[in-house]
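Examination of the molecular architecture
Next come the chains, spelled out residue by residue.
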Amino acid sequence: MPELVLSGISKRFGAFQAVADLDLTVGNGEFVCLLGPSGCGKTTTLRMIAGFETADRGSLLLDGVDISNRPPNKRDIGMVFQHYALFPHKTVAQNVAFGLLMRGKSRAEQDEAVARTLQLVKLAHLADRFPRQLSGGQQQRVALARALAFQPSLLLMDEPLSNLDAQLRDEMRDEIKRVQQEVGTTTIFVTHDQSEALALADRVAVFSEGRLLQYSDPAHLYEQPSDRTVGRFIGKMNELEGRVVNTSPDGTLVALAGGGTVLCGPSELPSGTSVSVMIRYEALSVAPLSGGHRDAGLECRVSRRTYLGSVIEYELILAGKPLRVWMPNNSTASRLSIGDSTTIFFNPSDALLFAV
Ligand SMILES: Nc1ncnc2c1ncn2[C@@H]1O[C@H](COP(=O)(O)OP(=O)(O)OP(=O)(O)O)[C@@H](O)[C@H]1O
Ligand SMILES: [Mg+2]
């Protein structure tokens, strides 16, 4: 049975629709990320699941039971907040014991759960410290331990890594994934960082303006975005305007607005349809004009070269429009200079078509 089922959940603040008609199912043991730009309704959704906010419409089932009208402390949900919200005058062990204390567990049960959970997050040696005596990463681990200690059915995390510096964020990301896999708790993790979502989630729910745009596993989301908004939000995307010339088993031939034709992935779009061709920076390659590639029909000129370390980003002018390409910093192409003429090619299935 699916663990959490949201059906038709909506929330308004005055005239503002923060979440609109949301359907979302999270399976038992699944790790789901809610991803989207600032203000798209991620926290509001999480707070409705936790019970801090009441939905105007819709239902919320946890393990088959409607929990819509239950207060937060009766929902069997653990929560980690962006600013940790640790109790400053309690020790690490007392912070972690809090949820068990609230649930009337005996002292022995509390001690056992605290020891077990601190072991899990590798903080057993700091049990008697106070939060102010801990680093940011350690405080984050305490917050995670506190949310997990009473073995909730569901773990909710709202941007738990956004206070940490980049390196620690990567470390804690891996740590959260390890802990979640070890305990198997169904988890919903809110972030506006796409790489975090792709790295952590079994499935990612992409939100925009209170609506769920796509709900898929990371590879599917990245390779087959359901619309242009999702495509633009995840990864780096070029967009070319054009018109469908014809379709065949080989793919869809598109005449670009600035001149030239390109072969894109197969589609059912009729001839004449106005389309946007979307191609990721890393899906494009550049080769010298004599390269002899099958699709070596698109000539362009290098207008900018940006050194990014592992890749070189080129801006190329194709039929008057700029395109960006990432080439690994070891290829012949990484030696192109501004003003050089080159040929651009790509695998047709990497060119995504959307009717506009
Ligand atoms: N209590 C409230 N009263 C009025 N408007 C609210 C309230 N809470 C949230 N909103 C509005 O609802 C929208 C969604 O807010 P929410 O906090 O869910 O966004 P978010 O996706 O979590 O954004 P962020 O990434 O910035 O945290 C925002 O426009 C916000 O201003
Ligand atoms: Mg938020």
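Rules used throughout
Within any chain, residue numbers begin from 1 and follow the written order of that chain's sequence. A letter from A marks each chain and a number from 1 marks each ligand, given out in the order of writing. In keeping with the predicted nature of the model, local features appear solely for residues at pLDDT of at least 70, side-chain atom pairs appear and are counted solely at 80 or more, and the whole-chain, interface and lining totals rest on all residues. Heavy atoms throughout the structure, all of them, feed into the side-chain values; hydrogens and water do not. To pair, rings of Phe, Tyr and Trp, with the six-membered ring standing in for Trp, must have centres within 6.5 Å; the planes then decide the type, stacked if under 30 degrees apart, edge-to-face if over 60, and tilted in the middle. Secondary structure follows DSSP: runs of H or I at least 4 residues long count as helices, runs of E at least 2 residues long count as strands, and numbering of each begins at the N terminus. For every residue, the accessible area obtained with a 1.4 Å probe (protein chains only) is divided by the maximum for its type, and the residue is called buried under 20%, exposed over 50%, and partly exposed between those limits. Per the annotation, domain bounds derive from an automatic or database assignment of domains. The contact definition used throughout considers only heavy atoms, calling two residues in contact when any of these lie within 4.5 Å. Buried area counts how much accessible surface, traced with a 1.4 Å probe, disappears from two parts once they are put together, with both parts' losses summed. Here, a salt bridge means any Lys or Arg side-chain nitrogen found within 4 Å of an Asp or Glu carboxyl oxygen. Think of a polar contact as two N or O atoms within 3.5 Å of one another; within protein, one of them needs to be a possible hydrogen donor and the other a possible acceptor, and neighboring residues in sequence only count if both atoms come from side chains. As a working rule, the residues Ala, Val, Leu, Ile, Met, Phe, Trp, Tyr, Cys and Pro are called nonpolar, Asp, Glu, Lys and Arg charged, and the rest polar, with Gly in that last group. Two strands pair under a simple rule: DSSP has to find at least two bridges between them. Axis lines are fitted through C-alpha atoms, for helices just across the contact stretch, and the angle between N-to-C directions can take any value from 0 to 180 degrees. The cutoff for a nearby residue is simple: one of its non-hydrogen atoms must lie within 4 Å of the molecule or strand. For the area figures, the Shrake-Rupley method with a 1.4 Å probe applies, and any residue is considered shielded solely by the protein chains shown. The set of buried Ala, Val, Leu, Ile, Met, Phe, Trp, Tyr and Cys residues whose side-chain atoms join them within 4.5 Å is what this entry labels a nonpolar core.

1. What to know about the packing of aromatic side chains
Applying the stated criterion across every chain yields a total of four aromatic pairs. An angle of 55° between the planes, with centres 4.6 Å apart, marks the rings of Phe 87 and Phe 98 as tilted. You can see Phe 87 sitting in the loop between β6 (77–80) and α2 (92–102) and its partner Phe 98 sitting in helix α2, a full eleven residues away along the chain. The class for Phe 87 is partly exposed, based on a relative accessible area of 27%.

2. What to know about the domain arrangement of the protein
Interfaces are frequently sized by the accessible area removed from exposure as the parts join. We note that the domain assignment places domain 1 (4–231) and domain 2 (237–355) within the protein. Centre-to-centre, using C-alpha coordinates, domain 1 lies 40 Å away from domain 2. Opposite the seven residues of domain 1 that make contact, domain 2 presents eight residues. For the domain 1 face of the interface with domain 2, the top three residues by lost area are Tyr 222, Arg 228 and Gly 231, together amounting to 73%. Connecting domain 1 to domain 2 are one salt bridge. Taken together, domain 1 and domain 2 are joined by two residue pairs in polar contact (both at pLDDT 80 or more). Grouping the constituent residues of the side of domain 1 that touches domain 2 by class yields two nonpolar, two polar and three charged.

3. Thoughts on the sheet that holds strand β9 (residues 203–208)
Strands sit in the order β6-β7-β8-β3-β9-β10 across an open sheet of six strands; the sheet is mixed. One side of each edge strand has no neighbouring strand; the edge strands of this open sheet are β6 and β10 (211–216). Between one strand axis and the next, the sheet turns by 20° as a mean value, whatever way the strands run. Two elements, β9 and β10, share five bridges in a ladder whose sense is antiparallel. Among the inter-strand pairings, Ala 205 is bridged to a residue of β10, identified as Tyr 215. Lying over the sheet, helix α1 (residues 42–50) contacts β3 (31–35), β6, β7 (154–158), β8 (186–191) and β9, oriented at roughly 150° with respect to β7. Each of β6 and β7 is contacted by helix α4 (residues 136–148), which is oriented at about 170° to β6, the strand it contacts most.

4. What to know about the site of ligand 1
Around ligand 1, a shell composed of Phe 13, Phe 16, Ala 18, Pro 37, Ser 38, Gly 39, Cys 40, Gly 41, Lys 42, Thr 43, Thr 44 and Glu 159 is seen. Here an oxygen atom of ligand 1 and a side-chain polar atom of Ser 38 are 2.5 Å apart. In this structure, an oxygen atom belonging to ligand 1 sits 2.5 Å away from a side-chain N or O atom of Thr 44. When ligand 1 is considered free in solution it has 640 Å² of accessible area, and contact with the protein chains removes 59% of it. For the shell around ligand 1, the elements supplying multiple residues, two or more each, are β2 (16–26) and α1. At three residues, the largest contribution of residues to the shell around ligand 1 is made by α1.

5. Regarding the nonpolar core
If you look at the biggest cluster of nonpolar residues, it comprises 43 residues, and the most contacted ones within it are Val 96, Leu 118, Leu 144 and Phe 189. At the level of secondary structure, the elements contributing two or more residues to this core comprise β3, α2, α3 (107–120), α4, β7, α5 (166–183), α6 (194–200) and β9. The biggest single contributor to this core is α4, with six residues. Contacts of Phe 189, omitting those with residues within four sequence positions, involve Phe 31, Val 32, Cys 33, Leu 34, Met 157, Pro 160, Leu 161, Ile 176, Glu 196 and Leu 200.

6. Re the pattern of salt bridges
The full count for this structure, using the stated rule, is 15 salt bridges. For Arg 141, the salt bridge is made with Glu 175, and the minimal N-O distance between the two is 3.1 Å. Placement of the pair is Arg 141 in helix α4 and Glu 175 in helix α5, with a sequence separation of 34 residues. The exposure classification of Arg 141 matches that of Glu 175, with both residues buried. A salt bridge links Glu 239 to Arg 232; its shortest N-O distance comes to 2.6 Å. The class for Glu 239 is partly exposed, based on a relative accessible area of 30%.

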